[in-house]
Amino acid sequence: YPPRKYAWQPIPSNTRRYADFSAALLFSYKKFYFGFSVFHITQPESGFQGSQPLMTRTSGYASYNLKLNEKTLINFSSRIDNQGNFSIFQMGADAVFFKHLVLGMSSINTWFNLNPFSSEGIYLNNTIGYRNNFWSCSISRISDFGFRNTNPYYNFGTQLNLSYTLRNPEQRRSLCNFEAW
């Protein structure tokens, strides 16, 4: 096959593989959390007009929880993703005020060819939401920061998150203590 300029260009094929496997590790120490994930280990093939292997994606995570009082928690986090020649670095903070109001902000830096100094763009992600013991709802908005944004596929976006927990906080605490507050 001829060399591909972009990772998303299809490679013609008569056969396809669909099995996909991923793996992750999460470590915690007091208020610190560290994680590492590998997605698409088997590189399944995808595409509508041909077939191409889905490139393996690696992700690293780190976060710290700071409990200011019984009603206020701040989480500082960072994430780095790499898939093919594309990378993302995200760093930000989320806070829960009055035990229910969720506010957050993070910056997202994107680049190609494993070179963070050749930045494709810097974006802001703003989050507002509500949470209680059983459910949470938040909305996030990714907006253009106006600095060297040359990636037309990653300009703006809005995400709505809804979750519901079937167990009460005491039962959750006995299985996995992610939220010790």
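Residues numbered from 1 in each chain as written. Predicted model: local features only at pLDDT ≥ 70, side-chain atom pairs only at ≥ 80, totals over all residues. Heavy atoms only, no water.

Moving on to the overall build of the protein. Summing up its helical and strand segments, the protein has one helix and 11 strands in all. Its helices and strands in sequence order give the protein the pattern β-β-β-β-β-β-β-β-β-β-β-α, from N to C terminus. Residues classed as buried in the protein amount to 25% of the 181 residues present. For the protein, restricting intrachain contacts to residue pairs at least 6 apart in sequence, the fraction spanning at least 24 positions comes to 39%. Accessible surface for the protein amounts to roughly 12400 Å². Of this, 62% is attributable to carbon and sulfur atoms. (Helix = DSSP H or I, 4+ residues; strand = E, 2+ residues; numbered from the N terminus. Buried < 20%, exposed > 50% of the residue type's maximum accessible area, 1.4 Å probe, protein only. Contact = heavy atoms within 4.5 Å. Areas by Shrake-Rupley, 256 points an atom, 1.4 Å probe, with all protein chains shown as cover.)

Moving on: the pairing of strand β8 (residues 101-112). When strand β7 (residues 86-97) meets β8, the two strands line up antiparallel, connected through 12 bridges. In the strand pairing of β8, Met-91 is matched with Ser-107. Hairpin geometry of β7 and β8 is characterised by an intervening segment of three residues between the two adjacent antiparallel strands and by a positive phi of about 55° at Phe-98. (Pairing = 2+ DSSP bridges.)

Before going further, it helps to spend a moment on the pairing of strand β5 (residues 57-69). Bridge count between strand β2 (residues 32-39) and β5: eight bridges; the pairing is antiparallel. Within β5, the position partnered with Gly-35 by the bridge is Tyr-61. Counting the residues between successive antiparallel strands, the hairpin from β5 to strand β6 (residues 72-83) contains two residues.

With respect to the secondary-structure elements, Asn-132 resides in the loop between β9 (119-131) and β10 (135-147). We classify Asn-132 as buried; its relative accessible area is 19%. A distance of 2.8 Å separates a polar side-chain atom of Asn-132 from the backbone nitrogen of Phe-134. In terms of polar contacts, Asn-132 uses its side chain to reach the backbone amide nitrogen of Trp-135, at 2.9 Å. (Polar contact = N/O pair within 3.5 Å; in protein donor to acceptor, adjacent residues only side chain to side chain.)

A word on unusual backbone geometry. Within the chain, Gln-43 stands out as a residue other than glycine whose phi angle is a positive 45°. Relative to the assigned elements, Gln-43 resides in the loop between β2 and β3 (45-46). Residue Gln-43 is classed as partly exposed on the basis of its relative accessible area, which comes to 31%. The phi dihedral of Phe-98 is positive, around 55°, even though this residue is not glycine. Mapping Phe-98 onto the fold places it in the loop between β7 and β8.

On to the confidence of the model for the protein. Residues with a pLDDT of 70 or more make up 68% of the protein, whose mean pLDDT is 77. Across the protein, the secondary-structure element scoring lowest on mean pLDDT is helix α1 (residues 169-175), at 51, and the one scoring highest is β2, at 93. Here residues 174-181 scores under 50 on pLDDT; set against residues more than four positions off or in separate chains, the count is 14 contacts. (pLDDT = per-residue confidence, 0-100.)

This part is about a nonpolar patch on the surface. On the surface, a nonpolar cluster with roughly 690 Å² of combined accessible area is contributed by Phe-98, Leu-101, Leu-103, Ile-128, Ile-139, Leu-160 and Leu-162. For the nonpolar patch, the secondary-structure elements that each account for two or more residues are β8 and β11 (157-164). You can see Leu-101 is positioned in strand β8. (Patch = residues over 30% accessible without salt bridge, like charges linked within 9 Å, V, L, I, M, F, W, Y side chains within 5 Å. Salt bridge = Lys/Arg side-chain N within 4 Å of Asp/Glu carboxyl O.)

Before going further, it helps to spend a moment on the pattern of salt bridges. Taken as a whole and judged by the stated rule, the model has two salt bridges. Note that Arg-79 is salt-bridged to Asp-81, the shortest N-O span being 3.0 Å.

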